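# An overview of the molecular structure
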Amino acid sequence: SSVPRAAAVAARGHPAMKALGVVCLALSLALAGADAEEAATNPLAKVLELLSGLQQQVISEGQAAQTTFNDISSACEDRSRELHHEIKAGKASGEELKALINEQSATILALTQKIEDLGGNIADNEAELKEGTEIREHEAATFGAEEKELLETLDAIKRATAILERAAAGAAGAASLAQLKGARSLVQVFTAMVQANAVNSADVSRLTALVQMDGAQESDEDDADVEALGAPAGNVYEGKGGAVADALENLSEKAEDQLEAARKAETNALHNYQMKNQALEDEMKQQNKDMTTSKQSLSTAQEKKASAEGELSVGTKDLEEVVKVLGDLHHDCMAKAAAFQEETKIRGEELSALAAAKTVLSKSTGGAEAQVYSYEQQAPSFVQVKIASAQQSAIRVVHLIRRLAADASSSHASSSGEALSQLSSRIASAIRGAALSGSAAPFDKVKGMIQDMLAKLRADADKDAEKKAYCEKEMAYTTEKKDEKEEDIESLSTKIEQMSAGSVKLKEEVAVLSQELGALLRDQAVMDKIRAAEKQTYTKARPEIEQGIEGVKSALKILRDYYAQSDDVSASSTSAGADGIIGAMEVIESDFSKQLAEIIAEEERATSEYDDGTKENEVSKSMKEADVKYKTQEAASLDKTTTDSQGDLTNVNEEYAAVMEYFDNIQKACTAKAEPYEERAKARANEIQGLKEAMQILASQSATLIQRSARRTLRGAAVLSADDN
């Protein structure tokens, strides 16, 4: 019979299928119990037994294949999950490396520009320093020549004055200078000195040039002085106060003034050069320091970028390899799943063929079996007893199935109530027909009904299992994609927040630097204003004090010259008063000179402080302007990267919305049933337990029938057992 197959199939199917399998097994035992002894030597029964054994073998192979496929499916899911995590981690690492590369690229660009600017500034400062040094060397050489000329001129004036003094005193050797008495001008005096070999022609040229220069500068002097220089009256060499001697002394003072002015100009020029040179050297020192730091930072940034690019290249290759492995895994797993489905389909077709063969044999060979393998007809009384007993057991089974159908209909957790109710009705109809006809043949129809119901429930169970597997797979995949997109959104949002915060911070620093630059410019303007006022005061005060000193010196010279002309002056009545005046004037000259030295020193100090402060401000201004430039560029780069990341975030949000929409649809499709799986399993367990009770009832009836079976003789005569007597 094919009914044991239904019982075996029920062991791996739907709970209702299991219940029906138990019923089928019970009915088989009840109806076939009387023929148990006969089947032992019946070839047709042996064939049916072999078919049942083959069915069981196919089912066992299917169960083993199912176990293997479950293991393979689990391994595929585990490996796929691992590969997806690796891909996710690889993408996240790639994004971090790309962000690092972009950051280092921006840093490299800014540092390269900074190094170029510093190189240009250093070159300009070196050129300016070189130019200033050349100018200073030229000024120093000019001053050296001028100083030498003036010193030689002063020496010539001293020697000329000494010659005139000796000539005026009638000293020895003065005869050769007798012609000086006829000279009427300094030029004629210098010419007479040359002719007398008192001075050389070079000294005369210097003195003549000085006289001409002095004459051009003092062309507006009074005629008395000009007449004294042009035509001296009487003995012009008498005394130190002679006109020519005074003229030579005046020339000496002019030469000394020129020498002092030249030396002062040289001192100022040297001081200015040193200040400017020091400022340039300080600025270049700072620039070179910045250059070294920038080059080191550039090298570090390039190394970081190169390292990140290398890691990104390796990571990209690894990611591509993982993606390829995932594709191969998916292809392999799908191929194995397809092969399993094909094998399952083949096994199902084989089982269907075996079941069909058994059904045909059972339905179409009953009469032939009785004619060929039955030696003697059974006693009518035993057949009636057998049918009545089987009908009684079947009716109990019908009642039990109806009760199971009622329980299933009252519970939302089971969907087999209607099917069980229809099955019980059809079995009841078959039993009624058998009772009316007195035949057991309708029970074959009942078995066919049960087999059809088992096939339908098996198909429903397969569909439910496929849907469950599909839902689990899609829910797991969609959940993973949802988590991945959420992590991407969180990563991009964090990155955007960090870059936005960095840009805001840089802009705030630029604003602070701009304020500091404004304050620096205002401070420099105040310093310029104060320095201008100090310079104006100094420019006005120094000439006045110098003029006062010259006036005091002139007055002292006049008084000293006057009181020194006569030996009797010191004995005059005004001698004591003159000495007091001269002493007071000397004190005034000392005060004026001291004040002049103080204002000069104060001016030099103020100039030095102003120059130092200005230079410091210029250096600070350059550094702050450079910082503003570089920070502005970096902030712009961060803003651009932020905009790009915001675009990426928009795309990821759109992908996330699509994933969530699909996720909601999957949840609705896969969680549409109101009752959870646990309640459905509990209901099915109750159905199985009830059908087991039915199996026990039918099995008990079958045992009774077997004990009452007739023993057949070789001639076919039925011999009843002792229980029938």
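Just so you know, these numbers come straight off a predicted model, no measurement behind them. (Residues numbered from 1 in each chain as written. Predicted model: local features only at pLDDT ≥ 70, side-chain atom pairs only at ≥ 80, totals over all residues. Heavy atoms only, no water.)

### Considering the overall build of the protein chain
Here is the rule we go by: The numbering of helices and of strands both runs from the N terminus, where a helix is a DSSP run of H or I of at least 4 residues and a strand a run of E of at least 2. Partly exposed residues are those whose accessible area sits between 20% and 50% of the maximum for their type, while under 20% is buried and over 50% is exposed, using a 1.4 Å probe and protein chains only. Throughout, a contact is declared for two residues whenever any of their heavy atoms are within 4.5 Å. The Shrake-Rupley method, run with a 1.4 Å probe, gives the accessible areas here. Residue values count only the displayed protein chains as cover.
Within the protein chain one finds 14 helices and two strands. Counting across all 725 residues of the protein chain, residues that qualify as buried make up 34%. Considering only intrachain contacts with a sequence separation of at least 6, the fraction spanning at least 24 residues in the protein chain is 85%. Accessible surface, the protein chain as shown: approximately 42000 Å² in total, 54% of it carbon and sulfur.

### Quick word on a negative patch on the surface
Here is the rule we go by: The residues that make up patches have over 30% relative accessible area and no salt bridge, and they are joined within 9 Å when like-charged or within 5 Å when they are Val, Leu, Ile, Met, Phe, Trp or Tyr. When a carboxyl oxygen of Asp or Glu is within 4 Å of a side-chain nitrogen of Lys or Arg, the pair counts as a salt bridge. Neither His nor the chain ends contribute to the count of charged residues, in which Lys and Arg are positive and Asp and Glu negative. The atom standing in for a charge is NZ when the residue is Lys, CZ when it is Arg, CG when it is Asp and CD when it is Glu.
A surface patch of negative charge is lined by Glu 253, Glu 256, Asp 257, Glu 260 and Glu 550. At four residues, helix 8 (residues 243-364) tops the list of elements feeding residues into the negative patch. Note that Asp 257 resides in helix 8. On the basis of relative accessible area, Asp 257 is assigned to the partly exposed category, the value being 39%.

### Concerning the state of the cysteines
Stated precisely, the cut-off is as follows: To count as a disulfide, a pair of cysteine sulfur atoms needs to be within 2.5 Å.
Tallied over the full model, the rule gives one disulfide. Between the sulfur atoms of Cys 76 and its disulfide partner Cys 333 the distance amounts to 1.9 Å. Taking the torsion about the S-S bond as the criterion, the Cys 76 to Cys 333 disulfide, at about -95°, is left-handed. Residue Cys 76 is found in helix 4 (residues 43-169), and its partner Cys 333 is found in helix 8; the two are separated by 257 residues along the sequence. Accessibility expressed as a relative area gives 14% for Cys 76, which makes it buried. The class for Cys 333 is buried, based on a relative accessible area of 14%.

### Considering the pattern of salt bridges
A complete count under the given rule lists 29 salt bridges for this structure. Here Lys 629 ties to Asp 117 by a salt bridge, and the two come within 2.8 Å at their closest N and O atoms. Of this pair, Lys 629 sits in helix 13 (residues 575-670) while Asp 117 is found in helix 4, placing the two residues 512 residues apart along the sequence. Classification of Lys 629 as partly exposed rests on a relative accessible area of 33%.

### Points about the packing of aromatic side chains
In plain terms, the rule: Note on aromatic pairs: the rings of Phe, Tyr and Trp (six-membered ring only in Trp) are paired at centre separations within 6.5 Å, and the planes decide the class, stacked below 30 degrees, edge-to-face beyond 60, tilted for the rest.
Taken as a whole, this structure holds one aromatic pair when the rule is applied. Seen in terms of ring centroids, Phe 69 and Phe 340 are 4.2 Å apart; in terms of plane orientation they differ by 0°. Their pairing is stacked. Of this pair, Phe 69 sits in helix 4 while Phe 340 sits in helix 8, and the two are 271 residues apart along the sequence. Given a relative accessible area of 19%, Phe 69 falls into the buried group.

### Quick word on the confidence of the model for the protein chain
Selection criterion: Per residue, pLDDT captures the predictor's confidence, and it can take any value from 0 to 100.
When the pLDDT values of the protein chain are averaged, the result is 74; 63% of them are 70 or greater. Below a pLDDT of 50 lies the segment residues 22-27, which in the model reaches 22 contacts outside its immediate sequence neighbourhood of four places, other chains included. Counted against residues more than four places away or in other chains, residues 220-241, with its pLDDT under 50, gives 25 contacts.

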